[in-house]
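Given next are the chains, with one letter for each unit.
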Amino acid sequence: TPALIVAIDGPSGTGKSSTSRAVAARLGLRYLDTGAQYRAATWWMLRNGIDTADPAAVAAAAGKPEIVSGTDPAHPAITVDGADVSGPIRGPEVTGAVSAVSAVPEIRARITELQRSVARSAVPGIVVEGRDIGTTVLPDADLKIFLTASPEARAARRNGELAGTTGAPTLEATREALARRDAADSGRAASPLAKAADAVEIDTSELTLEQVIAHIITLVEQRR
Ligand code: C5P
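Calculation rules
Residues numbered from 1 in each chain as written. Predicted model: local features only at pLDDT ≥ 70, side-chain atom pairs only at ≥ 80, totals over all residues. Helix = DSSP H or I, 4+ residues; strand = E, 2+ residues; numbered from the N terminus. Rg over C-alpha atoms; globule rule 2.2 N^0.38 Å. Buried ≥ 20, exposed ≤ 12 C-beta atoms within 10 Å, placed from the backbone. Contact = placed C-beta atoms within 7 Å. Pairing = 2+ DSSP bridges. Near = placed C-beta within 6 Å. Nonpolar A, V, L, I, M, F, W, Y, C, P; charged D, E, K, R; others polar. UniProt positions renumbered as here; feature names shortened; annotations may be inferred.

### Structural notes on the overall build of the protein chain
Working step 1: Scanning the protein chain from N- to C-terminus turns up nine helices and eight strands.
Working step 2: For 224 residues, the compact-globule estimate of 2.2 N^0.38 gives 17 Å, and the protein chain sits close to it at 17 Å.
Working step 3: C-alpha atoms of the protein chain, sized along the principal axes, occupy 50 × 40 × 30 Å.
Working step 4: Sorting the 224 residues of the protein chain into buried and exposed places 43% on the buried side.
Working step 5: Once local pairs closer than 6 in sequence are excluded, the contacts in the protein chain between residues at least 24 apart make up 76%.

Listed below in structure tokens is the structure:
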């Protein structure tokens, strides 16, 4: 049987990562977090003094970071030039710069190629989460999901993840930060955040994580 490919796209705060990891784990599939790859590239740019607001500087360095993604849904570690950056790529500096870096076509070309090669070699299949997986990276995916949620639900989820950390932002600040990143990711010319025509849209605002996971697993089973 050919490898099973599930594409899960959508903006942040929709439960995309938790859902994708759980679906992969329960179905015994590999897992790829493509946002982590853009974050790793951004981390490398910041680390090496590249001005992330300068697309030409980012483009010139696009081929330099050596990014390797682990695909175990239980421990999806990511390394850049051999160093594990799983923690640092979640920091505010990277989050603030990642949309600008990921809008650069040379960065997207390099990372898209990486994503396709990981997906091609995944046995017995893989869940790939991101923004443009169903539209651009893996348009032949067996199942495409597009997750959405209300701005309120997304901000509340994101703040829930940060609860207990020092300097956690207000709900309003989180909502604004998410809206800014959405606008940048949806408005860019190169492979913007978008729902594929054949994707199944799931609004997760009023659903529990468990309900979303169960729904997607049912859809996968219908397609096998
Ligand atoms: O999913 P996450 O919030 O970690 O993604 C970080 C950023 O990476 C997004 O805001 C977007 O700019 C970029 N990204 C992308 N294409 C993808 C996945 C993520 O441009 N497939």
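### Considering unusual backbone geometry
Working step 1: Between Val123 and the following residue, Pro124, the backbone shows a cis peptide bond with an omega angle of 0°.
Working step 2: Relative to the helices and strands, Pro124 is located in the loop between α5 (105-120) and β6 (125-130).
Working step 3: Of note, Asp81 is a non-glycine position whose phi angle comes to about 50°, a positive value.
Working step 4: Locating Asp81 in the fold gives a position in the loop between β4 (78-80) and β5 (83-84).
Working step 5: Exposure remark for Asp81: the 13 C-beta atoms within 10 Å place this residue in the partly exposed category.

### Let's talk about the pairing of strand β1 (residues 4-9)
Working step 1: For β1, the buried fraction is high: six of the six residues fall into the buried class.
Working step 2: Looking at chain direction, β1 and β6 are connected through six bridges and run parallel. Bridged to Ala7 within β6 is Val128.
Working step 3: Inspection of the sheet shows β1 paired to strand β7 (residues 143-148) by four bridges, in the parallel sense.

### Description of the site of the ligand
Working step 1: Taken together, 14 residues surround the ligand, and among them Gly35, Tyr38, Ser102, Gly130 and Arg131 come closest.
Working step 2: Listed by contribution, the elements that provide at least two residues to the shell around the ligand are α2 (34-47), α4 (92-102) and α8 (171-187).
Working step 3: For the shell around the ligand, the element with the highest residue contribution is α2, accounting for four residues.
Working step 4: Residues belonging to the shell around the ligand are distributed by class as follows: three nonpolar, six polar and five charged.

### Here we look at the UniProt feature "binding site: ATP" (unreviewed entry) in the protein chain
Working step 1: UniProt marks Gly10, Pro11, Ser12, Gly13, Thr14, Gly15, Lys16, Ser17 and Ser18 with the feature "binding site: ATP" (unreviewed entry), using the numbering shown here.
Working step 2: Take Gly10: it is sitting in the loop between β1 and α1 (16-27).
Working step 3: Dropping the residues within four chain positions of it, Gly10 is found in contact with Lys16, Phe146, Leu147 and Thr148.
Working step 4: Here Gly15 shows up in the loop between β1 and α1.
Working step 5: With 24 C-beta atoms packed within 10 Å, Gly15 lands in the buried category.
Working step 6: With residues near it in sequence (within four places) discarded, Gly15 still touches Leu147, Arg157, Thr204, Leu209 and Val212.

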